[in-house]
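A look at the structure
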Amino acid sequence: MDSIEIQQFYARHMQLLDGGSARAWARTFTPDGTFAAPSMTEPVRGRADIAAGARAAVRDRAAARETHRHWVNMTLTREVADGVEAVSYVQILATSHGAAPQVRLSCVMRDRLVRRDGRLLVAERRISRDDRP
Amino acid sequence: MDSIEIQQFYARHMQLLDGGSARAWARTFTPDGTFAAPSMTEPVRGRADIAAGARAAVRDRAAARETHRHWVNMTLTREVADGVEAVSYVQILATSHGAAPQVRLSCVMRDRLVRRDGRLLVAERRISRDDRP
Amino acid sequence: MDSIEIQQFYARHMQLLDGGSARAWARTFTPDGTFAAPSMTEPVRGRADIAAGARAAVRDRAAARETHRHWVNMTLTREVADGVEAVSYVQILATSHGAAPQVRLSCVMRDRLVRRDGRLLVAERRISRDDRP
(Lines give C-alpha, C1' and ligand atoms only; values in the text may rest on other atoms or scores of the structure.)
Protein backbone atom coordinates (compact mmCIF):
# COMPACT_ATOMS: atom_id res chain seq x y z
CA MET A 1 0.00 0.00 0.00
CA ASP A 2 2.00 2.96 -1.22
CA SER A 3 1.21 6.68 -1.32
CA ILE A 4 0.29 6.68 -4.99
CA GLU A 5 -2.17 3.85 -4.52
CA ILE A 6 -3.71 5.71 -1.57
CA GLN A 7 -4.01 8.93 -3.60
CA GLN A 8 -5.72 7.04 -6.43
CA PHE A 9 -8.02 5.42 -3.89
CA TYR A 10 -9.11 8.78 -2.49
CA ALA A 11 -9.53 10.26 -5.98
CA ARG A 12 -11.92 7.47 -6.98
CA HIS A 13 -13.58 7.42 -3.54
CA MET A 14 -14.43 11.13 -3.59
CA GLN A 15 -15.34 11.27 -7.29
CA LEU A 16 -17.89 8.53 -6.57
CA LEU A 17 -19.34 10.44 -3.62
CA ASP A 18 -19.44 13.80 -5.39
CA GLY A 19 -20.88 12.16 -8.50
CA GLY A 20 -23.80 10.83 -6.48
CA SER A 21 -22.88 7.12 -6.60
CA ALA A 22 -23.79 6.44 -2.97
CA ARG A 23 -23.85 2.66 -3.28
CA ALA A 24 -20.53 2.37 -5.11
CA TRP A 25 -19.03 4.80 -2.61
CA ALA A 26 -20.23 2.69 0.33
CA ARG A 27 -18.50 -0.32 -1.24
CA THR A 28 -15.15 1.41 -0.77
CA PHE A 29 -15.66 0.72 2.95
CA THR A 30 -15.28 -2.76 4.42
CA PRO A 31 -18.60 -4.58 5.00
CA ASP A 32 -18.39 -3.66 8.70
CA GLY A 33 -16.66 -0.32 8.14
CA THR A 34 -17.41 2.58 10.48
CA PHE A 35 -17.82 6.30 9.90
CA ALA A 36 -17.74 8.72 12.84
CA ALA A 37 -18.33 12.47 12.60
CA PRO A 38 -18.99 15.14 15.26
CA SER A 39 -22.63 15.43 14.18
CA MET A 40 -23.29 11.78 15.10
CA THR A 41 -24.10 10.44 18.52
CA GLU A 42 -22.50 7.14 17.54
CA PRO A 43 -20.61 5.94 14.45
CA VAL A 44 -22.45 4.61 11.43
CA ARG A 45 -21.51 0.99 10.81
CA GLY A 46 -21.80 -1.13 7.67
CA ARG A 47 -22.23 -0.42 3.99
CA ALA A 48 -26.04 -0.21 4.02
CA ASP A 49 -26.10 2.56 6.62
CA ILE A 50 -23.09 4.33 5.12
CA ALA A 51 -24.83 4.30 1.72
CA ALA A 52 -28.05 5.59 3.28
CA GLY A 53 -26.17 8.54 4.78
CA ALA A 54 -24.56 9.31 1.43
CA ARG A 55 -27.87 9.09 -0.39
CA ALA A 56 -29.38 11.60 2.03
CA ALA A 57 -26.45 13.95 1.42
CA VAL A 58 -26.82 13.57 -2.35
CA ARG A 59 -30.54 14.41 -2.08
CA ASP A 60 -29.83 17.46 0.07
CA ARG A 61 -27.27 18.76 -2.42
CA ALA A 62 -29.67 18.25 -5.31
CA ALA A 63 -32.45 20.05 -3.43
CA ALA A 64 -30.06 22.94 -2.75
CA ARG A 65 -28.94 22.88 -6.42
CA GLU A 66 -25.34 22.57 -5.28
CA THR A 67 -22.36 20.61 -6.55
CA HIS A 68 -19.93 19.44 -3.88
CA ARG A 69 -16.27 18.54 -4.37
CA HIS A 70 -14.34 16.82 -1.61
CA TRP A 71 -10.66 17.73 -1.83
CA VAL A 72 -8.23 15.48 0.06
CA ASN A 73 -4.62 16.51 0.54
CA MET A 74 -1.64 16.52 2.92
CA THR A 75 -2.17 12.80 3.60
CA LEU A 76 0.26 11.47 6.20
CA THR A 77 0.44 7.69 6.44
CA ARG A 78 1.86 5.21 8.89
CA GLU A 79 1.61 1.45 9.02
CA VAL A 80 -0.56 -0.06 11.72
CA ALA A 81 -1.28 -3.68 12.59
CA ASP A 82 -4.00 -4.23 10.00
CA GLY A 83 -3.13 -1.77 7.25
CA VAL A 84 -2.36 1.92 7.15
CA GLU A 85 -3.55 4.89 9.17
CA ALA A 86 -3.96 7.89 6.86
CA VAL A 87 -4.52 11.37 8.28
CA SER A 88 -5.61 13.92 5.65
CA TYR A 89 -6.89 17.43 5.36
CA VAL A 90 -10.25 17.69 3.59
CA GLN A 91 -12.05 20.72 2.23
CA ILE A 92 -15.52 20.68 0.73
CA LEU A 93 -16.07 23.12 -2.13
CA ALA A 94 -19.76 23.82 -2.72
CA THR A 95 -20.96 25.56 -5.88
CA SER A 96 -24.51 26.70 -6.51
CA HIS A 97 -25.77 27.14 -10.03
CA GLY A 98 -24.58 30.50 -11.33
CA ALA A 99 -22.61 31.36 -8.18
CA ALA A 100 -19.00 31.40 -7.00
CA PRO A 101 -17.73 28.38 -5.06
CA GLN A 102 -17.70 28.46 -1.27
CA VAL A 103 -15.38 26.50 0.98
CA ARG A 104 -18.10 24.87 3.01
CA LEU A 105 -16.01 22.88 5.47
CA SER A 106 -12.43 22.22 6.53
CA CYS A 107 -11.87 18.99 8.41
CA VAL A 108 -9.35 16.31 9.27
CA MET A 109 -10.06 12.74 8.14
CA ARG A 110 -8.44 9.87 10.06
CA ASP A 111 -8.82 6.62 8.15
CA ARG A 112 -7.69 3.09 8.77
CA LEU A 113 -7.24 1.59 5.33
CA VAL A 114 -7.01 -2.16 4.81
CA ARG A 115 -6.52 -4.42 1.82
CA ARG A 116 -9.23 -7.01 1.10
CA ASP A 117 -9.03 -9.26 -1.98
CA GLY A 118 -6.43 -6.90 -3.41
CA ARG A 119 -8.48 -3.72 -3.06
CA LEU A 120 -8.06 -0.85 -0.60
CA LEU A 121 -11.06 -0.22 1.65
CA VAL A 122 -11.84 2.10 4.57
CA ALA A 123 -12.23 0.03 7.73
CA GLU A 124 -12.64 2.99 10.06
CA ARG A 125 -13.12 6.73 9.49
CA ARG A 126 -13.13 9.48 12.06
CA ILE A 127 -13.83 13.07 11.04
CA SER A 128 -12.99 16.13 13.12
CA ARG A 129 -14.32 19.50 12.01
CA ASP A 130 -12.27 22.69 12.27
CA ASP A 131 -15.38 24.71 13.15
CA ARG A 132 -16.09 22.48 16.18
CA PRO A 133 -12.81 22.07 17.99
CA MET B 1 3.16 7.32 -17.64
CA ASP B 2 2.80 7.05 -13.87
CA SER B 3 0.92 9.18 -11.35
CA ILE B 4 4.00 11.04 -10.20
CA GLU B 5 4.93 12.00 -13.73
CA ILE B 6 1.36 13.22 -14.30
CA GLN B 7 1.42 15.29 -11.11
CA GLN B 8 4.73 16.88 -12.11
CA PHE B 9 3.28 17.55 -15.55
CA TYR B 10 0.29 19.41 -14.10
CA ALA B 11 2.49 21.33 -11.65
CA ARG B 12 4.66 22.66 -14.48
CA HIS B 13 1.66 23.12 -16.79
CA MET B 14 -0.27 25.29 -14.34
CA GLN B 15 2.76 27.18 -13.05
CA LEU B 16 3.45 28.19 -16.67
CA LEU B 17 -0.14 29.35 -17.17
CA ASP B 18 -0.36 31.23 -13.87
CA GLY B 19 3.07 32.76 -14.45
CA GLY B 20 1.87 34.24 -17.74
CA SER B 21 3.94 32.04 -20.10
CA ALA B 22 1.15 31.55 -22.62
CA ARG B 23 3.37 30.26 -25.43
CA ALA B 24 5.26 27.75 -23.27
CA TRP B 25 1.94 26.65 -21.80
CA ALA B 26 0.46 26.05 -25.25
CA ARG B 27 3.44 23.84 -26.07
CA THR B 28 2.32 21.41 -23.36
CA PHE B 29 -0.52 20.54 -25.74
CA THR B 30 0.01 18.45 -28.88
CA PRO B 31 0.29 20.52 -32.09
CA ASP B 32 -3.33 19.65 -32.89
CA GLY B 33 -4.49 19.55 -29.27
CA THR B 34 -8.02 20.65 -28.42
CA PHE B 35 -9.47 22.61 -25.50
CA ALA B 36 -13.23 22.62 -24.87
CA ALA B 37 -15.00 24.64 -22.18
CA PRO B 38 -18.67 25.49 -21.60
CA SER B 39 -18.08 29.12 -22.63
CA MET B 40 -17.01 28.05 -26.14
CA THR B 41 -19.31 27.27 -29.04
CA GLU B 42 -16.67 24.87 -30.38
CA PRO B 43 -13.32 23.62 -29.06
CA VAL B 44 -10.15 25.60 -29.64
CA ARG B 45 -7.69 23.56 -31.72
CA GLY B 46 -3.92 23.90 -32.12
CA ARG B 47 -1.18 25.59 -30.17
CA ALA B 48 -1.51 29.00 -31.82
CA ASP B 49 -5.16 29.39 -30.87
CA ILE B 50 -4.63 27.84 -27.43
CA ALA B 51 -1.81 30.32 -26.79
CA ALA B 52 -3.98 33.20 -28.00
CA GLY B 53 -6.68 32.26 -25.50
CA ALA B 54 -4.14 32.08 -22.70
CA ARG B 55 -2.64 35.45 -23.65
CA ALA B 56 -6.08 37.03 -23.49
CA ALA B 57 -6.64 35.53 -20.04
CA VAL B 58 -3.23 36.78 -18.86
CA ARG B 59 -4.08 40.28 -20.10
CA ASP B 60 -7.47 40.21 -18.35
CA ARG B 61 -5.88 39.16 -15.06
CA ALA B 62 -3.28 41.90 -15.32
CA ALA B 63 -5.96 44.50 -16.08
CA ALA B 64 -7.91 43.30 -13.03
CA ARG B 65 -4.69 43.33 -10.98
CA GLU B 66 -5.29 39.73 -10.00
CA THR B 67 -3.05 36.72 -9.55
CA HIS B 68 -4.61 33.37 -10.45
CA ARG B 69 -3.54 29.95 -9.20
CA HIS B 70 -4.90 26.82 -10.80
CA TRP B 71 -4.98 23.98 -8.26
CA VAL B 72 -5.30 20.46 -9.66
CA ASN B 73 -6.05 17.54 -7.36
CA MET B 74 -7.94 14.24 -6.98
CA THR B 75 -6.63 13.10 -10.38
CA LEU B 76 -8.03 9.72 -11.39
CA THR B 77 -6.28 8.06 -14.31
CA ARG B 78 -7.02 5.15 -16.61
CA GLU B 79 -5.20 3.90 -19.66
CA VAL B 80 -6.83 4.46 -23.02
CA ALA B 81 -5.75 3.47 -26.52
CA ASP B 82 -3.42 6.38 -27.11
CA GLY B 83 -2.28 7.33 -23.61
CA VAL B 84 -4.05 8.11 -20.38
CA GLU B 85 -7.37 9.70 -19.52
CA ALA B 86 -6.97 11.87 -16.41
CA VAL B 87 -10.01 13.29 -14.62
CA SER B 88 -9.14 15.97 -12.04
CA TYR B 89 -10.77 18.51 -9.82
CA VAL B 90 -9.57 22.08 -10.45
CA GLN B 91 -10.07 25.19 -8.38
CA ILE B 92 -8.95 28.66 -9.40
CA LEU B 93 -7.80 30.89 -6.55
CA ALA B 94 -7.86 34.58 -7.51
CA THR B 95 -6.10 37.18 -5.37
CA SER B 96 -6.35 40.93 -5.90
CA HIS B 97 -3.63 43.22 -4.62
CA GLY B 98 -4.20 43.80 -0.93
CA ALA B 99 -7.23 41.51 -0.70
CA ALA B 100 -8.08 38.01 0.52
CA PRO B 101 -8.11 35.17 -2.04
CA GLN B 102 -11.37 34.10 -3.61
CA VAL B 103 -12.17 30.68 -4.99
CA ARG B 104 -13.21 31.87 -8.41
CA LEU B 105 -14.18 28.58 -10.00
CA SER B 106 -14.55 24.87 -9.27
CA CYS B 107 -14.45 22.62 -12.31
CA VAL B 108 -13.66 19.13 -13.55
CA MET B 109 -10.90 18.72 -16.14
CA ARG B 110 -10.97 15.65 -18.39
CA ASP B 111 -7.67 15.30 -20.24
CA ARG B 112 -6.31 12.77 -22.68
CA LEU B 113 -2.57 12.79 -22.13
CA VAL B 114 -0.18 11.31 -24.67
CA ARG B 115 3.57 10.86 -24.87
CA ARG B 116 5.37 12.46 -27.82
CA ASP B 117 9.18 12.31 -28.11
CA GLY B 118 9.32 11.34 -24.47
CA ARG B 119 7.26 14.23 -23.15
CA LEU B 120 3.71 14.26 -21.81
CA LEU B 121 1.30 16.50 -23.72
CA VAL B 122 -2.43 17.24 -23.58
CA ALA B 123 -4.09 15.89 -26.72
CA GLU B 124 -7.63 16.74 -25.66
CA ARG B 125 -9.09 18.74 -22.77
CA ARG B 126 -12.73 19.07 -21.78
CA ILE B 127 -13.74 21.35 -18.91
CA SER B 128 -17.06 21.19 -17.09
CA ARG B 129 -17.91 23.95 -14.63
CA ASP B 130 -19.67 23.29 -11.35
CA ASP B 131 -21.62 26.54 -11.65
CA ARG B 132 -23.11 25.47 -15.01
CA PRO B 133 -24.31 21.91 -14.55
CA MET C 1 14.64 12.36 -2.85
CA ASP C 2 11.55 11.54 -4.86
CA SER C 3 8.18 13.28 -5.21
CA ILE C 4 6.39 10.92 -2.83
CA GLU C 5 8.98 11.49 -0.12
CA ILE C 6 8.65 15.25 -0.62
CA GLN C 7 4.84 15.08 -0.38
CA GLN C 8 5.07 13.06 2.83
CA PHE C 9 7.58 15.57 4.16
CA TYR C 10 5.22 18.49 3.54
CA ALA C 11 2.24 16.59 4.99
CA ARG C 12 4.11 15.99 8.26
CA HIS C 13 5.68 19.46 8.20
CA MET C 14 2.35 21.28 7.89
CA GLN C 15 0.44 18.97 10.22
CA LEU C 16 3.05 19.79 12.88
CA LEU C 17 2.68 23.53 12.29
CA ASP C 18 -1.12 23.51 12.19
CA GLY C 19 -1.21 21.24 15.23
CA GLY C 20 0.76 23.79 17.24
CA SER C 21 4.01 21.80 17.55
CA ALA C 22 6.26 24.79 16.95
CA ARG C 23 9.45 23.16 18.21
CA ALA C 24 9.00 19.92 16.25
CA TRP C 25 8.14 22.00 13.19
CA ALA C 26 11.31 24.07 13.54
CA ARG C 27 13.32 20.84 13.61
CA THR C 28 12.19 20.12 10.05
CA PHE C 29 14.54 22.98 9.06
CA THR C 30 18.32 22.60 9.07
CA PRO C 31 20.01 24.07 12.18
CA ASP C 32 20.95 27.15 10.14
CA GLY C 33 17.85 27.09 7.96
CA THR C 34 16.36 30.36 6.76
CA PHE C 35 12.78 31.57 6.30
CA ALA C 36 12.04 34.69 4.27
CA ALA C 37 8.60 36.25 3.81
CA PRO C 38 7.47 39.63 2.47
CA SER C 39 6.50 40.79 5.97
CA MET C 40 10.11 40.45 7.20
CA THR C 41 12.85 42.98 6.79
CA GLU C 42 15.38 40.14 6.78
CA PRO C 43 15.08 36.34 6.82
CA VAL C 44 14.72 34.47 10.09
CA ARG C 45 17.68 32.12 10.57
CA GLY C 46 18.06 29.06 12.78
CA ARG C 47 15.68 26.73 14.55
CA ALA C 48 15.30 28.80 17.73
CA ASP C 49 14.09 31.88 15.87
CA ILE C 50 11.99 29.85 13.45
CA ALA C 51 10.30 28.12 16.41
CA ALA C 52 9.74 31.48 18.12
CA GLY C 53 7.96 32.78 15.04
CA ALA C 54 5.79 29.67 14.88
CA ARG C 55 4.94 29.91 18.59
CA ALA C 56 3.81 33.49 18.10
CA ALA C 57 1.60 32.42 15.19
CA VAL C 58 0.13 29.56 17.25
CA ARG C 59 -0.65 32.01 20.08
CA ASP C 60 -2.29 34.45 17.66
CA ARG C 61 -4.48 31.73 16.18
CA ALA C 62 -5.54 30.54 19.63
CA ALA C 63 -6.37 34.10 20.68
CA ALA C 64 -8.45 34.50 17.52
CA ARG C 65 -10.06 31.08 18.18
CA GLU C 66 -9.07 29.98 14.68
CA THR C 67 -7.80 26.71 13.25
CA HIS C 68 -5.37 27.07 10.34
CA ARG C 69 -4.63 24.47 7.67
CA HIS C 70 -1.70 24.93 5.33
CA TRP C 71 -2.43 23.21 2.02
CA VAL C 72 0.58 22.55 -0.24
CA ASN C 73 0.09 21.44 -3.82
CA MET C 74 1.36 21.73 -7.40
CA THR C 75 4.92 21.11 -6.19
CA LEU C 76 7.45 21.34 -9.00
CA THR C 77 10.91 20.00 -8.18
CA ARG C 78 14.33 20.21 -9.78
CA GLU C 79 17.67 19.01 -8.55
CA VAL C 80 20.17 21.62 -7.43
CA ALA C 81 23.73 21.29 -6.15
CA ASP C 82 22.84 20.53 -2.56
CA GLY C 83 19.44 18.87 -2.82
CA VAL C 84 16.19 19.81 -4.47
CA GLU C 85 14.45 23.08 -5.19
CA ALA C 86 10.70 22.66 -4.68
CA VAL C 87 8.26 25.37 -5.79
CA SER C 88 4.73 24.88 -4.46
CA TYR C 89 1.42 26.65 -4.23
CA VAL C 90 0.19 27.14 -0.66
CA GLN C 91 -3.22 28.18 0.59
CA ILE C 92 -4.07 28.80 4.22
CA LEU C 93 -7.60 27.82 5.24
CA ALA C 94 -8.67 29.56 8.45
CA THR C 95 -11.76 28.40 10.35
CA SER C 96 -13.26 30.19 13.34
CA HIS C 97 -15.36 28.30 15.82
CA GLY C 98 -18.86 27.98 14.40
CA ALA C 99 -18.05 29.71 11.12
CA ALA C 100 -17.34 28.75 7.51
CA PRO C 101 -13.69 28.44 6.43
CA GLN C 102 -11.96 31.35 4.75
CA VAL C 103 -9.07 31.13 2.34
CA ARG C 104 -6.81 33.47 4.25
CA LEU C 105 -3.79 33.53 1.96
CA SER C 106 -2.53 32.25 -1.38
CA CYS C 107 1.24 32.16 -1.75
CA VAL C 108 4.14 30.50 -3.51
CA MET C 109 6.71 28.64 -1.41
CA ARG C 110 10.21 28.18 -2.80
CA ASP C 111 12.16 25.69 -0.71
CA ARG C 112 15.62 24.24 -0.95
CA LEU C 113 15.34 20.79 0.59
CA VAL C 114 18.40 18.85 1.68
CA ARG C 115 19.00 15.44 3.19
CA ARG C 116 20.81 15.31 6.56
CA ASP C 117 21.34 11.98 8.37
CA GLY C 118 18.74 10.44 6.09
CA ARG C 119 15.98 12.99 6.79
CA LEU C 120 14.64 15.75 4.55
CA LEU C 121 14.99 19.26 5.95
CA VAL C 122 14.29 22.77 4.70
CA ALA C 123 17.58 24.61 4.24
CA GLU C 124 16.04 27.75 2.76
CA ARG C 125 12.48 28.97 2.35
CA ARG C 126 11.26 32.01 0.45
CA ILE C 127 7.57 32.94 0.47
CA SER C 128 5.92 35.28 -2.01
CA ARG C 129 2.35 36.38 -1.35
CA ASP C 130 -0.20 36.75 -4.13
CA ASP C 131 -1.73 39.79 -2.42
CA ARG C 132 1.61 41.66 -2.50
CA PRO C 133 3.02 41.23 -5.98
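For the structure, see preceding data.
All values derive from a computational prediction rather than experimental measurement. (Residues numbered from 1 in each chain as written. Chains lettered and ligands numbered in written order. Predicted model: local features only at pLDDT ≥ 70, side-chain atom pairs only at ≥ 80, totals over all residues. Heavy atoms only, no water.)

**Some remarks on the relation of the copies chain C and chain A**
- When chain C is brought onto chain A, the operation consists of a screw motion whose angular component is 120° and whose axial shift is 0.0 Å, with 0.0 Å RMSD remaining. The superposition operator between the copies reduces to a three-fold rotation axis. (Least-squares fit on C-alpha atoms with pLDDT ≥ 70 in both.)

**A closer look at the sheet that holds strand S4 (residues 83-96) of chain C**
Residue and element names in this part refer to chain C.
- Taken together, the six strands give an open sheet; going across it, the order is S2-S1-S6-S5-S4-S3, and neighbouring strands pair in mixed fashion. The sheet is open, and its two borders are formed by strand S2 (44-45) and strand S3 (66-80), each paired with just one other strand.
- Pairing geometry for S4 and strand S5 (residues 102-116), over eleven bridges, is antiparallel. Across the sheet, the residue bridging to Gln91 is Ser106, located in S5.
- Lying on the sheet, helix H3 (residues 47-63) is in contact with strand S1 (29-36), S2, S3 and strand S6 (119-129); it crosses S1 at an angle near 55°. (Pairing = 2+ DSSP bridges. Helix = DSSP H or I, 4+ residues; strand = E, 2+ residues; numbered from the N terminus. Contact = heavy atoms within 4.5 Å. Axes fitted to C-alpha atoms, helices over the stretch in contact; angles between N-to-C directions.)

**Describing the interface of chain C and chain A**
- Counting residues at the interface gives 25 residues for chain C, matched by 23 residues for chain A.
- Interface area, chain C with chain A, both sides summed: about 2000 Å², of which 57% is carbon and sulfur.
- The interface formed by chain C and chain A holds one salt bridge in total.
- A salt bridge links A:Asp130 to C:Arg69, with the nearest nitrogen and oxygen atoms 2.8 Å apart.
- The tally of links between chain C and chain A comes to ten residue pairs in polar contact (both at pLDDT 80 or more).
- Secondary-structure elements contributing two or more residues to the side of chain C that touches chain A are helix H1 (3-18), S3 and S4 of chain C.
- Among the residues forming the side of chain C that touches chain A, the class breakdown is eleven nonpolar, eleven polar and three charged. (Buried area = accessible area lost by both parts, 1.4 Å probe. Salt bridge = Lys/Arg side-chain N within 4 Å of Asp/Glu carboxyl O. Polar contact = N/O pair within 3.5 Å; in protein donor to acceptor, adjacent residues only side chain to side chain. Nonpolar A, V, L, I, M, F, W, Y, C, P; charged D, E, K, R; others polar.)

**Notes on the pairing of strand S5 (residues 102-116) of chain B**
All names here are of chain B.
- The hairpin formed by strand S4 (residues 83-96) and S5 contains five residues between the paired strands, and Gly98 there has a positive phi angle of roughly 80°.
- In terms of strand pairing, S5 meets strand S6 (residues 119-129) through ten bridges, oriented antiparallel. Within S6, the residue paired with Val114 across the bridge is Leu121.
- As consecutive antiparallel partners, S5 and S6 are separated by two residues, and within that stretch Asp117 has a phi angle of approximately 50°, a positive value.

**Section: the packing of aromatic side chains**
- Inspection of every chain in the model, using the stated rule, returns 15 aromatic pairs over all chains.
- On the basis of an interplanar angle of 75° and a centroid distance of 5.1 Å, the ring pair of C:Trp25 and C:Phe29 is categorised as edge-to-face.
- Taking the relative accessible area as the measure of exposure, C:Phe29 reaches 0% and is therefore buried.
- Judged by centre distance (6.3 Å) and plane angle (65°), the rings of C:Trp25 and C:Phe35 are edge-to-face. Linking C:Trp25 in helix H2 (residues 22-26) with C:Phe35 in strand S1, this pair joins segments that are ten residues apart in sequence. By the burial criterion, C:Trp25 is buried, and C:Phe35 matches it.
- Pairwise contacts between aromatic rings join A:Trp25, A:Phe29 and A:Phe35 into one cluster. (Phe/Tyr/Trp six-rings, centres within 6.5 Å; stacked < 30°, edge-to-face > 60°. Buried < 20%, exposed > 50% of the residue type's maximum accessible area, 1.4 Å probe, protein only.)

**Description of the pairing of S4(C)**
Residues and elements named next belong to chain C.
- With respect to burial, S4 is a largely interior element, 13 of its 14 residues being buried.
- Examined bridge by bridge, S3 and S4 share 13 bridges and lie antiparallel to one another. Residue pairing in the sheet places Asn73 in a bridge with Tyr89 of S4.
- Joining the antiparallel neighbours S3 and S4 is a turn of two residues.

**A word on empty space enclosed by the protein**
- Scanning all chains against the criterion turns up one cavity of 30 Å³ or more.
- Estimated volume of the largest cavity: approximately 700 Å³.
- If you trace the largest cavity, you find 35 residues lining it, with A:Gln7, B:Gln7, B:Asn73, C:Gln7 and C:Asn73 closest to the centre.
- Where the lining of the largest cavity is concerned, the elements lending two or more residues are helix H1 (3-18) and strand S3 (66-80) of chain A, helix H1 (3-18) and strand S3 (66-80) of chain B together with H1 and S3 of chain C.
- In terms of residue class, the lining of the largest cavity is made up of 17 nonpolar, 18 polar and no charged. (1 Å grid on protein atoms, 1.4 Å probe; cavity = no way out; pocket = protein on both sides within 12 Å on 5 of 7 lines; lining within 4 Å. Points joined across faces, edges and corners; volume = space filled by probe spheres on them.)

**Overview of unusual backbone geometry**
- Phi is positive for B:Arg65, close to 55°, though the residue is something other than glycine.
- Residue placement: B:Arg65 occurs in the loop between helix H3 (47-63) and S3.
- We note that C:Asp117 has phi near 50°; this positive angle belongs to a residue other than glycine.
- Positionally, C:Asp117 belongs in the loop between S5 and S6.

**Details of the interface of chain B and chain C**
- Listed as interface residues are 25 residues of chain B and, on the opposing side, 23 residues of chain C.
- For the chain B face of the interface with chain C, the top three residues by lost area are B:Gln15, B:Arg69 and B:Trp71, together amounting to 34%.
- On inspection of chain B and its partner chain C, the count reaches one salt bridge.
- At the boundary of chain B with chain C, the tally comes to ten residue pairs in polar contact (both at pLDDT 80 or more).
- Broken down by secondary-structure element, the contributors of at least two residues to the side of chain B that touches chain C are H1, S3 and S4 of chain B.
- In terms of residue count, H1(B) provides more of the side of chain B that touches chain C than any other element does, nine residues in total.

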